[in-house]
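# Working through the structure, step by step
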Amino acid sequence: MRKQIAAANWKMNLTWQQGKQLLEEILAADISLRKDQLAIFGVPAPYLGLAEGIVSPRPQYAIAAQNCYDKKSGAFTGEIAAGMLQSIGINYCIIGHSERREYFGESNQMLAEKLDRCLENSVVPIFCCGEALQVREAGTQNEFVEKQLEESLFHLTAEQLKSVVIAYEPIWAIGTGKTASTDQAQEMHACVREVLARKYSAAVASEISILYGGSVKAGNAKDLFGCPDVDGGLVGGASLVASDFIAIIRALK
Ligand code: PGA
């Protein structure tokens, strides 16, 4: 059965003192999660080891990096290798967030390499895809997202793909307060699953967790996560407030 996941993306926010307090408040809520439910915190790189130390006693909670580099090692000052993440017990990494694509010029091809580095090191990639507003307005969002999947994921074997989490994040909904409707989310998630089923198989596609991201809030999480093909969310702004993210974790189906 595929996992239901509430993933926080802190982005470049919070001091470690604030982040630690946030994690501790969320863990103190003692939310009972089933084996197929997970809460993941995408924290800034300097906090990875510290945050892992806090969540590690709780099996349904995990820490994710927000990025890694596409090379294995070497003279790349300031970059972080997937193998380094693995060596400090970090098992998840957000890959290809739209902010990285936009501000750091990450292409589908580069992201394909990053996925390989993660998978070689048993780091589960949370692969982000999603269209900008002008693509949505032109009505070509399905083709756009299909191309992102094709160019970054389709070189993977079925076994490798099963270790990937996908996050569909329409760029027009990120940080804007403009959430996709449940119909829009379900339609795209079904489309992603259908693209994977065509390339791999329906059985493989049915095992992939597909998260929705873009202005997920405490008040809309239950409806979004209730869609048959939505397996949780990737959450920015609302993941910075303990009570909001607790409600979002509790909204997992
Ligand atoms: P948001 O961000 O929840 O603040 O819209 C989501 C994301 O960028 O992952």
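This section reports on the structure supplied with the text. Note that the coordinates shown come from a computational prediction; the quantities given were computed from them, not determined experimentally. (Residues numbered from 1 in each chain as written. Predicted model: local features only at pLDDT ≥ 70, side-chain atom pairs only at ≥ 80, totals over all residues. Heavy atoms only, no water.)

## Remarks on the overall build of the protein chain
Within the protein chain, the secondary structure is distributed over 12 helices and eight strands. Each of the three principal axes of the protein chain carries a C-alpha extent, and together these read 45 × 45 × 35 Å. For the protein chain, buried positions account for 55% of its 253 residues. Long-range contacts, defined here as pairs at least 24 residues apart, represent 73% of the contacts in the protein chain between residues at least 6 apart. Of the side-chain charges in the protein chain, 24 are positive and 29 negative, and the distance between the mean point of each set is 4 Å. (Helix = DSSP H or I, 4+ residues; strand = E, 2+ residues; numbered from the N terminus. Buried < 20%, exposed > 50% of the residue type's maximum accessible area, 1.4 Å probe, protein only. Contact = heavy atoms within 4.5 Å. Lys, Arg positive; Asp, Glu negative; His and termini not counted. Charge placed at Lys NZ, Arg CZ, Asp CG, Glu CD.)

## Focus: the environment of Glu 25
By secondary structure assignment, the location of Glu 25 is in helix H1 (residues 16-28). Separated by 22 residues in sequence, Glu 25 and Tyr 47 have C-alpha atoms that sit 17 Å apart. Look past the residues within four positions of Glu 25 in its chain and what remains in contact with it is Ala 242 and Ile 246.

## Details of the nonpolar core
If you look at the biggest cluster of nonpolar residues, it comprises 73 residues, and the most contacted ones within it are Phe 41, Leu 149, Leu 153 and Ile 166. Element by element, the count of residues in this core is highest for helix H9 (residues 182-199), at six residues. Residue contacts for Ile 166: discarding those within four places in its chain leaves Phe 127, Cys 129, Leu 149, Leu 153, Val 192, Leu 196, Ile 208, Ser 209, Ile 210 and Leu 211. (Core = buried A, V, L, I, M, F, W, Y, C linked by side-chain atoms within 4.5 Å.)

## Details of the layout of surface pockets
Put simply, the largest pocket is a space of about 550 Å³. For the largest pocket, the lining is made up of 21 residues, of which Met 12, Gln 66, Asn 67, Arg 100 and Phe 104 are closest to its centre. No other element matches the three residues that helix H4 (residues 98-103) contributes to the lining of the largest pocket. When the residues that make up the lining of the second largest pocket are grouped by side-chain class, the tally is eight nonpolar, two polar and four charged. (1 Å grid on protein atoms, 1.4 Å probe; cavity = no way out; pocket = protein on both sides within 12 Å on 5 of 7 lines; lining within 4 Å. Points joined across faces, edges and corners; volume = space filled by probe spheres on them. Nonpolar A, V, L, I, M, F, W, Y, C, P; charged D, E, K, R; others polar.)

## Description of helix H2 (residues 48-55)
Buried within H2 are the following residues: Leu 48, Ala 51, Glu 52, Ile 54 and Val 55. Here the buried residues of H2 occupy an arc of 160 degrees about the axis, which is enough to place them on one side. The secondary structure elements touched by the buried residues of H2 are H1, strand S3 (61-65) and helix H3 (82-87). (Arc of directions from axis to C-beta.)

## Observations concerning the site of the ligand
Every one of the 13 residues lining the ligand counts as a neighbour, but Lys 11, His 97, Glu 169, Gly 175 and Ser 215 are closest to it. Between the ligand and Gly 175, the relevant distance is 2.6 Å, taken from an oxygen atom to a main-chain nitrogen or oxygen of the residue. Here Gly 236 contributes a backbone N or O atom positioned 2.8 Å from an oxygen atom of the ligand. Coverage of the ligand by the protein amounts to 97% of the 290 Å² it exposes when considered alone. Grouping the constituent residues of the shell around the ligand by class yields four nonpolar, seven polar and two charged. (Near = heavy atom within 4 Å. Polar contact = N/O pair within 3.5 Å; in protein donor to acceptor, adjacent residues only side chain to side chain. Areas by Shrake-Rupley, 256 points an atom, 1.4 Å probe, with all protein chains shown as cover.)

## What about the packing of helix H5 (residues 108-120) against helix H7 (residues 141-153)?
Following both chains from N to C, one finds H5 and H7 inclined at 50 degrees, their axes separated by 7 Å at the closest point. Considered as vectors, H5 and H7 are oriented oblique to each other. Every pair of crossing elements has a handedness; the one defined by H5 and H7 is right-handed. Judged by residue contacts, Asn 108, Gln 109, Leu 111, Ala 112 and Leu 115 of H5 engage Lys 147, Gln 148, Glu 151, Ser 152 and Leu 153 from H7. Looking at side-chain class alone, the contact of H5 with H7 contains four nonpolar, four polar and two charged residues. (Axes fitted to C-alpha atoms, helices over the stretch in contact; angles between N-to-C directions. Parallel < 35°, antiparallel > 145°, perpendicular 65-115°, else oblique. Left-handed = near helix turned anticlockwise from the far one by under 90°.)

## A look at the side chain of Gln 186
Inspection of the secondary structure assignment puts Gln 186 in helix H9. Overall, the relative accessible area of 18% leaves Gln 186 in the buried class. Among the polar contacts made by the side chain of Gln 186, one reaches the side chain of Asp 229 at a distance of 2.8 Å. In contact with Gln 186, other than residues within four places in its own chain, are Cys 227, Pro 228, Asp 229 and Val 230.

## Considerations on the packing of aromatic side chains
Evaluation of the coordinates by the stated rule reveals six aromatic pairs. Relative to Tyr 200, the ring of Phe 154 lies with its centre 6.1 Å away and its plane at 85 degrees, an arrangement referred to as edge-to-face. Linking Phe 154 in the loop between H7 and helix H8 (158-161) with Tyr 200 in the loop between H9 and helix H10 (202-206), this pair joins segments that are 46 residues apart in sequence. Taken together through their ring pairs, the aromatic side chains of Phe 41, Tyr 61 and Phe 245 make up a single cluster. A cation sits over an aromatic face here: Arg 100 above Phe 104, 4.0 Å from the ring centre. (Phe/Tyr/Trp six-rings, centres within 6.5 Å; stacked < 30°, edge-to-face > 60°. Lys NZ or Arg CZ within 6 Å of the ring centre and 35° of its normal.)

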